[in-house]
Amino acid sequence: MSTFTIDTSTSRATPTPVPGKRTTAPAIRARKSGGKTEQPVVMLTAYTMRMAQLLDPYCDMLLVGDSLGQVIYGLPSTIPVTMEMMCAHGAAVVRGSWHALVAVDMPFGSYEASPEAAFESASRIMKETGCAAVKLEGGEAMAPTIEFLTHRGIPVIGHVGLTPQAVNVLGGYGARGREDAEKKTIIDDARAVDQAGAFCIVVEGVLEGIASDITKAVAAPVIGIGAAAQCDGQVLVTDDMLGMFERTPRFVKRYDDLAGRIGDAVRNYADEVRSRSFPTADQTYQPK
Ligand code: KIV
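Here is what the cut-offs are and how they apply
- Residues numbered from 1 in each chain as written.
- Predicted model: local features only at pLDDT ≥ 70, side-chain atom pairs only at ≥ 80, totals over all residues.
- Heavy atoms only, no water.
- Phe/Tyr/Trp six-rings, centres within 6.5 Å; stacked < 30°, edge-to-face > 60°.
- Lys NZ or Arg CZ within 6 Å of the ring centre and 35° of its normal.
- Pairing = 2+ DSSP bridges.
- Helix = DSSP H or I, 4+ residues; strand = E, 2+ residues; numbered from the N terminus.
- Axes fitted to C-alpha atoms, helices over the stretch in contact; angles between N-to-C directions.
- Contact = heavy atoms within 4.5 Å.
- Parallel < 35°, antiparallel > 145°, perpendicular 65-115°, else oblique.
- Left-handed = near helix turned anticlockwise from the far one by under 90°.
- Nonpolar A, V, L, I, M, F, W, Y, C, P; charged D, E, K, R; others polar.
- Salt bridge = Lys/Arg side-chain N within 4 Å of Asp/Glu carboxyl O.
- Buried < 20%, exposed > 50% of the residue type's maximum accessible area, 1.4 Å probe, protein only.
- Core = buried A, V, L, I, M, F, W, Y, C linked by side-chain atoms within 4.5 Å.
- Near = heavy atom within 4 Å.
- Polar contact = N/O pair within 3.5 Å; in protein donor to acceptor, adjacent residues only side chain to side chain.
- Areas by Shrake-Rupley, 256 points an atom, 1.4 Å probe, with all protein chains shown as cover.
- Disulfide = S-S within 2.5 Å.
- Expected span 1.5 Å × (residues − 1).

Asker: Can you help me understand the packing of aromatic side chains in this one?
Answerer: Aromatic ring pairs are reported here in terms of the distance separating the ring centres and the angle at which the planes meet. For the coordinates displayed, the defined rule picks out one aromatic pair. Positioned over the ring face of F148 is R152, at 3.6 Å from the centre of the ring.

Asker: What should I look at first to understand the sheet that holds strand β9 (residues 222-225) in this one?
Answerer: To summarise the sheet geometry, strands pair through backbone hydrogen bonds and adopt either a parallel or an antiparallel arrangement. Taken in spatial order, the eight strands close into a barrel running β3-β4-β5-β6-β7-β8-β9-β10, and their pairing is parallel. Strand-to-strand twist across the sheet, computed as the mean angle between neighbouring axes with direction ignored, equals 25°. Two strands pair when backbone bridges link them, and strand β3 (residues 41-45) and strand β10 (residues 233-236) are joined in this way by four bridges, in the parallel orientation. What sits directly across from M43, in β10, is V235. Along the sheet, helix α8 (residues 180-196) contacts β7 (156-161) and β8 (200-204); its crossing angle with β7, the most-contacted strand, is approximately 170°.

Asker: Help me understand the packing of helix α4 (residues 83-95) against helix α5 (residues 115-129), please; the structure alone is not making it clear to me.
Answerer: Axes are the key here: two packed helices are described by the angle between their axes and the distance separating the axes. At their nearest, the axes of α4 and α5 sit 8 Å apart, and the two run at 40° to each other. Put simply, α4 runs oblique to α5. As α4 runs across α5, the sense of the crossing is right-handed. In this structure, α4 uses M83, E84, M86, C87, G90, A91 and V94 to contact α5, whose residues at the interface are S121, R124, I125, E128 and T129. Residues that form the contact of α4 with α5 fall into these classes: six nonpolar, three polar and three charged.

Asker: What exactly am I supposed to notice about the pattern of salt bridges here?
Answerer: The tally for this structure, following the rule as stated, stands at ten salt bridges. Here D188 ties to K184 by a salt bridge, and the two come within 2.6 Å at their closest N and O atoms. One end of the pair, D188, and the other, K184, are both in helix α8, four residues apart, so they sit about a helical turn from each other. The class of D188 is partly exposed, set by a relative accessible area of 22%. D264 serves as the salt-bridge partner of R267, at 3.2 Å between the closest nitrogen and oxygen. Of the two residues, R267 and D264 are both situated in helix α11 (residues 258-274); the distance of three residues between them amounts to about one turn of the helix. A residue is classified by how much of its surface remains accessible, and R267, at 49% relative accessible area, is partly exposed.

Asker: Quick question: what am I supposed to make of the nonpolar core here?
Answerer: Counting residues in hydrophobic clusters, the biggest one holds 76 residues, and the most contacted among them are M61, L62, F199 and I214. Every residue in contact with M61, bar those within four places of it in the chain, is listed here: I28, V41, V42, M43, L44, A100, L101, I157, F199, C200 and I223.

Asker: Can you walk me through the environment of P40 in this structure?
Answerer: Within the fold, P40 resides in the loop between β2 (36-37) and β3. Once the C-alpha coordinates of P40 and T23 are considered, the two residues, 17 residues apart in sequence, prove to be 14 Å apart. If we ignore the near neighbours within four places in the chain, the residues touching P40 are R31, D60, D232 and G233.

Asker: Teacher, can you tell me more about the site of the ligand here?
Answerer: Around the ligand, the structure places T45, L63, G65, D66, S67, D105, K135, H159, V202, I225 and V237. Contacts to the ligand include D66, whose side-chain N or O atom sits 3.0 Å from an oxygen atom. Note that an oxygen atom of the ligand is positioned 2.5 Å from one of the side-chain N or O atoms of S67. Across the complex, the protein chains shield 95% of the 260 Å² of accessible surface that the ligand would expose by itself.

Asker: How should I be thinking about the state of the cysteines in this particular structure?
Answerer: Here, disulfide denotes a covalent bond that connects the sulfur atoms of two cysteines. The tally for this structure, following the rule as stated, stands at zero disulfides. No disulfide involves C87; its nearest neighbouring cysteine sulfur is the one of C131, lying 8.3 Å away. Relative accessible area serves as the criterion here: at 5%, C87 is assigned to the buried category.

Asker: How should I be thinking about α4 in this particular structure?
Answerer: Along an α-helix, residues three or four positions apart point the same way, because every turn accommodates 3.6 residues. Taking 1.5 Å of rise per residue, 13 residues should cover 18 Å, and α4 covers 18 Å from first to last C-alpha, within 8% of that figure. Within α4, ten of the 13 residues are buried, which leaves the element mostly enclosed by the surrounding structure. Turning to α4, its buried residues are M83, M85, M86, C87, H89, G90, A91, A92, V93 and V94. For α4, the elements touching its buried residues are α2 (49-55), β4 (61-64), α3 (68-71), β5 (101-105) and α5.

Asker: In this structure, what is going on with unusual backbone geometry? I would like to understand it.
Answerer: Leave glycine aside and you will find that most residues have negative phi; peptide bonds, for their part, are mostly trans. With an omega of 0°, the peptide bond running from F278 to P279 counts as cis. Among the structural elements, P279 can be located in the segment after α11. The phi angle at R276 is positive, at roughly 55°, despite the residue not being glycine. Tracing the sequence through the fold places R276 in the segment after α11.

Treat this as a map of the structure, not an account of what it does.
Following this line, the structure appears as structure tokens:
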């Protein structure tokens, strides 16, 4: 149970966070010791200040995922997501949180060319948002970049398996690792990212057995999404788990039906506007 409270007394838009010490990358890394994780890592995506406030008391990490391309901007994939989008939403999430570690996704095209290019992008993200870590997609090919960043003060979350920025190479968003060769590549990727110094690793959209093999094979905590309950933690896209979308991947569990509840509330509002039963005396100003 959280000991944090939300203080919205000063302003609805910029509440005063209760001073506290944020969760750190070394603290997340230390959750797994001797191959075991007593307390699974809880991570959700957040893109806005208010959602960060609501999630923060319950989460160890908030991920400003580039999934905001589809969820917030209605883009067809994460490919068109820009640095400007990631920085603006990253800063909002940092402002709305005080306990969770905030990690920001590096957008497609901002880190692949070289470790130096990655450092320039990651340092910009950290300076402009105040986040404490970045996440980047890729396995063996990205290991030198992860090592370069971590040796220069930038905590990195790896991301292997189904890597959505590579959708044009993968040919879709289906689960990975059905062939033996691909299974081996995914496990090798996770090992490479681990050895390069990633403080945790997101494993997305792989067969359950691969996710548990990776969890056993690497030292860093493995955060699963469409992976396995045996992982060292889990992450979901918050809008998916809250039921904001009719269509979600198989691995999403819906914990609410927010889309339905918003529809009901807005239908009531529209009916009351049309029947002139809103606003009432409670919502109007009278002379003193
Ligand atoms: O972009 C994102 O939200 C992610 C998570 C789904 C892991 O990368």
